[in-house]
Amino acid sequence: MFKKYILNNNKAKIGIGIILFFIIITIFAPIIAPYNPKSIEFIPWEKPSLTHPLGVNSYGQDVLSQVIYGTRVTMPVGIFAGLISSIIGVVVGIIAGYLAGILGEILMRIVDVLLVIPTLAVMIVVASFVQDLRIVGTIIIIGALSWLWTARSIRSQTLSESRRDYVDAANALGMGPFEIMFREILPNIFPVVTANMVMVVTSSMLTEASMSFLGIGDPTLISWGKMLSIAFDNSAIIYKAWWWMIPPGLCISTLGYSFILIGNSFLDIFAQDRGGRVKL
């Protein structure tokens, strides 16, 4: 499937190309960045020039260098928080979908209750109780509170798969419920799992940006959301410093769009493999 995924789907190729571009920037940021992103040594509010392609912020720091280093925070937070959220969502969803009855109902009622509560508000409250919140804490908070829609989606797909003949055959062979769930059903819903995962990764990056914009997180780290927050606090709009606001926002949207492309490509392949039952 991976070869087919890479070679025959334009969405996948574009999405993976964008992600590889940002990964290269993340790895080689110290080499690519022209200046120290925290160094205060230039004329504040300097417009873009050959010396500073994205200008200088109000503190005299090079904006291009900050955008490059911001990749090292925003991207890992999105990926690792998305992985944590996906694992929780898949486990809860597949158990609730296959083990019908009281356990499944309890799990989904918990999910329904949590869905009513604004996730970002809960994250703000939780983060306020954590002193000296670092990047690991941000990843854990976002990952632990972003799995709800994944769980609902996986449960729905599991309910459909549990009625198929291969599940009946596995039961006839004496397989246990957990063996059926994770050895038989999970591989067959893997494209849906992957599609949900990349959506959660995108959501996690946007959540990190929102938390940074609201001033929550490690103040010593440079992220795209933190850049937007500082630009807003320093009235970059009034000074028409577009070079300080547009690049980090554009990076967030571009990286998020790449994950969405990959998620949609998995659903395309899944629809083709299952005779077009799933439609985008």
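Read on for a plain summary of the structure. (Residues numbered from 1 in each chain as written. Predicted model: local features only at pLDDT ≥ 70, side-chain atom pairs only at ≥ 80, totals over all residues. Heavy atoms only, no water.)

Another aspect to go through is the overall build of the protein. Scanning the protein from N- to C-terminus turns up 13 helices and zero strands. In the protein, the succession of α and β elements from N to C terminus is α-α-α-α-α-α-α-α-α-α-α-α-α. Counting every position in the protein, which comprises 280 residues, the buried fraction comes to 45%. Residue pairs at least 24 apart in sequence account for 72% of intrachain contacts in the protein once pairs closer than 6 positions are excluded. Accessible surface computed for the protein: about 14100 Å², of which carbon and sulfur atoms make up 68%. Of the charged side chains in the protein, 19 are positive and 16 negative; the average position of the first set lies 6 Å away from that of the second. (Helix = DSSP H or I, 4+ residues; strand = E, 2+ residues; numbered from the N terminus. Buried < 20%, exposed > 50% of the residue type's maximum accessible area, 1.4 Å probe, protein only. Contact = heavy atoms within 4.5 Å. Areas by Shrake-Rupley, 256 points an atom, 1.4 Å probe, with all protein chains shown as cover. Lys, Arg positive; Asp, Glu negative; His and termini not counted. Charge placed at Lys NZ, Arg CZ, Asp CG, Glu CD.)

Before going further, it helps to examine the pattern of salt bridges. A complete count under the given rule lists five salt bridges for this structure. A salt bridge links Arg164 to Glu161; its shortest N-O distance comes to 3.4 Å. Residue class for Glu161 comes out buried when judged on its relative accessible area of 0%. The salt bridge partner of Arg183 is Glu179, with a shortest N-O separation of 2.9 Å. Of this pair, Arg183 and Glu179 both sit in helix H10 (residues 177-188), four residues apart, which is roughly one turn of the helix. Residues joined in a network through salt bridges with shared partners are Glu105, Arg109, Asp112 and Arg152. (Salt bridge = Lys/Arg side-chain N within 4 Å of Asp/Glu carboxyl O.)

This next bit is on the packing of aromatic side chains. Under the definition given, this model contains seven aromatic pairs. Both rings, one in Phe22 and one in Trp224, keep their centres 5.7 Å apart while their planes meet at 65°; by these two values the pair is edge-to-face. Residue Phe22 is located in helix H2 (residues 10-27), and its partner Trp224 is located in helix H12 (residues 224-233); the two are separated by 202 residues in the primary sequence. Just as Phe22 is buried, Trp224 falls in that class too. Centroid distance Phe178 to Phe182: 6.5 Å. Interplanar angle 10°. Geometry classified as stacked. Of this pair, Phe178 and Phe182 both sit in helix H10, four residues apart, roughly one helical turn. The class of Phe182 is partly exposed, set by a relative accessible area of 31%. Connected via pairs of aromatic rings, a cluster forms that spans Phe21, Phe22 and Trp224. (Phe/Tyr/Trp six-rings, centres within 6.5 Å; stacked < 30°, edge-to-face > 60°.)

Next up on the list: the nonpolar core. Core analysis: the largest hydrophobic core is formed by 25 residues, its most contacted members being Trp224, Trp244 and Leu255. Taken together, the elements giving at least two residues each to this core come down to H2, helix H4 (63-98), helix H11 (190-213), H12 and helix H13 (242-273). Broken down by element, the residue count for this core peaks at eight residues, all from H13. Excluding residues that lie within four positions of it along the chain, Leu255 makes contacts with Ile19, Phe22, Met75, Met205 and Trp224. (Core = buried A, V, L, I, M, F, W, Y, C linked by side-chain atoms within 4.5 Å.)

Here we take up the environment of Ala172. Assignment of secondary structure puts Ala172 in helix H9 (residues 165-172). By relative accessible area, Ala172 is classed as exposed at 69%. A C-alpha to C-alpha distance of 59 Å links Ala172 and Ile246, two positions 74 residues apart in sequence.

Next up on the list: the environment of Ser162. Structurally, Ser162 is set in the loop between helix H8 (148-161) and H9. Discounting chain neighbours no more than four positions away, the residues touching Ser162 are Tyr98, Val167 and Ile185.

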